[in-house]
Amino acid sequence: MSTPTKPTIQFDFAEDAEMRRAAERSRESFRYFIREAFWEGRRLVPGLDLMLVKAAFAEVPIHPDGPEFMWIDEVRFDGRSIEGVLINQPFRINGVGEGDEIVMPMEHLIDWLISADDEAYGGFTVDVLRSRMSEAERIEHDEAWGLQFAAPGKVRLFPTEPITIRSSQPDHPIALHVSEQLEQFCLDHPDRVSTPDPSGWTMLHAYTLAGSPLCVETLLQRRADRTARTPEGLRAVDIAKTLGWSELVDLLGNDG
């Protein structure tokens, strides 16, 4: 990954417990953002309109008004770091601007937001801000976004309702069809089951990132190499642990 133009910093909302918890919830649920991003990239017809993450940007010493909170588009995740393109122009931060490539550790994530059919999903810090607005202010805010948010105090998580098949961990509906294709591919090309793609990721890494028990089980049944590592040094089980896919950790072998 490239070096960020200006480093992001973690902002812990030390004096705002509601915002601190909102940021924690965004990190705890980031796997759902990643799952949707993964399957969106495999759709022939796009199903999502926005896929953004938010981070805090600051210089040292920190400005009296605090960090600037800005959104990042074209989001990628390598199992450790989030990379994307800044879509806001800062007002008080130098050295970074709209259109810049940004790299940050997952731990510095403040929020994530997805939209589909004008419905908003995620947006934990946005929910806190909306809960502190008057009704008129919320209407103006939502019109500026062009989105329908849930009622204050509620955050939607799933633009595509997950399904449960042969596993207690819900899977994305697209995985049902893809797992059948994957099974056939593994039968036709057993020598390629654990072959890394140009980025150095195997299929087991990729479908673990996607949180797909169906696809991970299929690959393991076809002797996918669970010890293979990405260029960042991650096994599939490491990715599952980072994102909190607990059932995949069990499937892949929680051996430390």
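Residues numbered from 1 in each chain as written. Predicted model: local features only at pLDDT ≥ 70, side-chain atom pairs only at ≥ 80, totals over all residues. Heavy atoms only, no water.

This part is about the sheet that holds strand S3 (residues 81–86). Ordered by their spatial adjacency, six strands build an open sheet running S4-S3-S2-S1-S5-S6, and the pairing between neighbours is antiparallel. Each edge of the open sheet carries a strand with a single partner, namely strand S4 (101–105) and strand S6 (119–122). Across the sheet, the mean angle from the axis of one strand to that of its neighbour is 40°, orientation sign disregarded. (Pairing = 2+ DSSP bridges. Helix = DSSP H or I, 4+ residues; strand = E, 2+ residues; numbered from the N terminus. Axes fitted to C-alpha atoms, helices over the stretch in contact; angles between N-to-C directions.)

Averaged over every residue, the pLDDT of the protein chain is 90; residues scoring 70 or more account for 93%. This stretch, residues 1–5, has a pLDDT under 50; its non-local contacts, to residues over four places away or in other chains, come to 13 contacts. (pLDDT = per-residue confidence, 0-100. Contact = heavy atoms within 4.5 Å.)

Here the focus is helix H7 (residues 213–221). Burial runs high along H7: eight of the nine residues are buried. Within H7 the residues assigned to the buried category are Pro 213, Leu 214, Cys 215, Val 216, Glu 217, Thr 218, Leu 219 and Leu 220. Buried-residue contacts for H7 involve helix H2 (30–40), helix H5 (173–188), helix H6 (203–209) and helix H9 (246–252). Backbone geometry just downstream of H7 places Arg 223 in the positive-phi region, at approximately 65°. (Buried < 20%, exposed > 50% of the residue type's maximum accessible area, 1.4 Å probe, protein only.)

What follows deals with the environment of Ile 174. Residue placement: Ile 174 occurs in helix H5. In this structure, the C-alpha to C-alpha distance between Ile 174 and Met 133, residues 41 residues apart in sequence, is 38 Å.

Next up on the list: the nonpolar core. The biggest cluster of nonpolar side chains holds 64 residues, and the ones touching the most others in it are Phe 30, Val 53 and Tyr 207. Broken down by element, the residue count for this core peaks at six residues, all from H2. For Tyr 207, the residues in contact, after removing those within four places along its chain, are Phe 38, Trp 39, Val 178, Leu 182, Ser 212, Cys 215, Val 216 and Leu 219. Residues Leu 113, Ala 120, Val 126 and Phe 149 belong to the second largest nonpolar core, which totals seven residues. (Core = buried A, V, L, I, M, F, W, Y, C linked by side-chain atoms within 4.5 Å.)

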